Amino acid sequence: MWAVAAVSGVVVLLVALQIAAAGQGFEGPLASLWKDYAGTPKSMSVPWAGLVLALVGLSTKRRVVALSAAVAIDLIGAGARLLAGDPPTVGNGAVIVLTAIAVTAFLRWSGVERRNALGAAALGALLILATKVGDVWLHVTVVTRPEVFDHYVMLADHALGDPSWLMGRVVDALGPGVYAVLHWVYIELPVAAIVVAVWQLRRVVPTGQWPTHYLVRTFLVLGLLGPIVYLLFPVVGPMFAFGADGHGLQLGNYWPNVVPPIDRNPSAMPFDKVTPRNCMPSMHTAWALSVFLHTRRDIDGGRAPAWLRWGGAFWLVATLTATLGFGYHYGVDLVAGAILCLTVESVLREPERGWGWFRVRLVAAGVGVLATLLLSYRYLAVPMAEYPALAGTIILALLAGFAAAFHATWFATHRDAIPARISPEPVG
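Source: prediction; values computed, not measured. (Residues numbered from 1 in each chain as written. Predicted model: local features only at pLDDT ≥ 70, side-chain atom pairs only at ≥ 80, totals over all residues. Heavy atoms only, no water.)

So, about helix α10 (residues 189-200). A rise of 1.5 Å per residue sets the reference length of α10, with its 12 residues, at 16 Å; its end C-alpha atoms lie 17 Å apart and thus fit the reference within 8%. If you check which residues of α10 are buried, you get Leu189, Ala192, Ala193, Ile194, Val196, Ala197, Trp199 and Gln200. (Helix = DSSP H or I, 4+ residues; strand = E, 2+ residues; numbered from the N terminus. Expected span 1.5 Å × (residues − 1). Buried < 20%, exposed > 50% of the residue type's maximum accessible area, 1.4 Å probe, protein only.)

Encoded structure:
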């Protein structure tokens, strides 16, 4: 019954967003989804990431068949596009085969085999649909928030030493090779997430059981909660509000070479009808930090392999560098994103331990710290800029203190000997 309700809720949401998008004149989630099936997919990596995630619920033989079919469909589609003079985009095959897996499992398979296939297919589909909803939500932020708070955030960022300006110059100095790597890491965050998720779910088919918590759950919940703050605290980022990409509405062409002077009378500034207000909090930081956390240990509490731990650390550092170095975020955005991630993880992690005081106080602290930061950025921006050493110390102390409490709660105890925490079905 819960599955029917969930599917019905998703359908209602997609239809509502499609109607809203049509009314505002931009592409809605259903139109974008149709292109994944029969047109030119908006993303090449996301459909394939969804399919790869769906494959964790299939046997090896069926994985080979599904992958072969998806590759064949994409090759045919890419060839047709080349003949028509269009770019050889791929992704249709992944979406079509993922749908075929779900339909076949529902109609023809049974028992554990059916449950595993449907659960994994649902996760893959949710990943794809979440990106569609996210694209529409970015348009919503533009329509509903014509003014942005970048003036306040820039002042608050003085407390951290204006890291976006610093990293912008560093990335420029490192040259195009480093820029290309950082750009790829930034836009392909779902790829890293799928690698981690597949590793976490690798035992689903052999055992017929699912871990009680894994990365996909955190990703989806972050994607649901984080963008709500975009409407409460609209920010476009330094490269737009203070750089040459502001379409003539920027406060000046400062970024990344010149830090703007302190203005003791900040105000909300009108901005264009194109740039999403998606900086506060930094969701790339939140998602990259969740990848890092889930590469520390296996689902049974044992230490993760070295390649995964180093990969998670690299992806986090590279993502943080890119968010600042490309001028997409201020430093205070990253702090808010990190607090949001640790709070959501505290809600979801180790559900078998229940909701004792250890979890309640950690989640309450995370919500309190995030609210304190947002209110400070908005209403104490000038004092933060005038007393940067004090303000910066407080911000970093809040982050460090909450991170220490998180580590003490979930990681400080050695858990190698604890049996695998598993569930008989996927935990959504």
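To continue, consider the environment of Pro276. Within the element layout of this structure, Pro276 appears in the loop between β3 (269-270) and α14 (283-294). Assessed through its relative accessible area of 24%, Pro276 is described here as partly exposed. Remark: the alpha-carbon pair of Pro276 and Val10, spanning 266 residues in sequence, is separated by 24 Å. With residues near it in sequence (within four places) discarded, Pro276 still touches Leu138, Thr141, Val142, Val235 and Val236. (Contact = heavy atoms within 4.5 Å.)

This part takes up the pattern of salt bridges. By the definition in use, this model includes 10 salt bridges. The salt bridge partner of Asp298 is Arg203, with a shortest N-O separation of 3.3 Å. A residue pair is termed long-range when its members are at least 10 positions apart, and Asp298 in the loop between α14 and α15 (306-325) and Arg203 in the loop between α10 and α11 (204-207) qualify at 95 residues. Relative accessible area serves as the criterion here: at 33%, Arg203 is assigned to the partly exposed category. Across the pair Glu350 and Arg353 runs a salt bridge, and its minimum N-O distance is 3.2 Å. (Salt bridge = Lys/Arg side-chain N within 4 Å of Asp/Glu carboxyl O.)

Another aspect to go through is unusual backbone geometry. Note that the residue after Trp255, namely Pro256, is joined by a cis bond; omega there is 0°. Here Pro256 shows up in the loop between α13 (238-241) and β3. Backbone torsion omega between Met280 and Pro281 reads 0°, so that peptide bond is classified as cis. The residue Asp162 is not glycine, and still its phi comes out positive at about 50°. When you line up the elements, Asp162 lands in the loop between α7 (150-157) and α8 (163-174). Asp162 gets classed as buried once you look at its relative accessible area, which sits at 10%.

What follows concerns a nonpolar patch on the surface. Together, Val7, Val11, Val15, Ile19 and Leu30 give the surface a local cluster of nonpolar side chains, amounting to about 420 Å² of exposed area. The residue Val15 is located in helix α1 (residues 2-24) in this model. Classification of Val15 by relative accessible area gives partly exposed; the value is 37%. (Patch = residues over 30% accessible without salt bridge, like charges linked within 9 Å, V, L, I, M, F, W, Y side chains within 5 Å. Areas by Shrake-Rupley, 256 points an atom, 1.4 Å probe, with all protein chains shown as cover.)

Bringing the packing of helix α12 (residues 215-232) against α14 into the picture now. It is the contact of α12 with α14, at a shortest axis distance of 10 Å, that shows an interaxial angle of 160°. The orientation of α12 relative to α14 falls into the category roughly antiparallel. The interaxial crossing formed by α12 with α14 has right-handed handedness. Contacts between α12 and α14 pair Leu215, Thr218, Phe219, Leu222, Gly223, Gly226 and Tyr230 from the former with Met283, Ala286, Trp287, Ser290, Val291 and His294 from the latter. In the contact of α12 with α14, the residues fall into eight nonpolar, five polar and no charged. (Axes fitted to C-alpha atoms, helices over the stretch in contact; angles between N-to-C directions. Parallel < 35°, antiparallel > 145°, perpendicular 65-115°, else oblique. Left-handed = near helix turned anticlockwise from the far one by under 90°. Nonpolar A, V, L, I, M, F, W, Y, C, P; charged D, E, K, R; others polar.)

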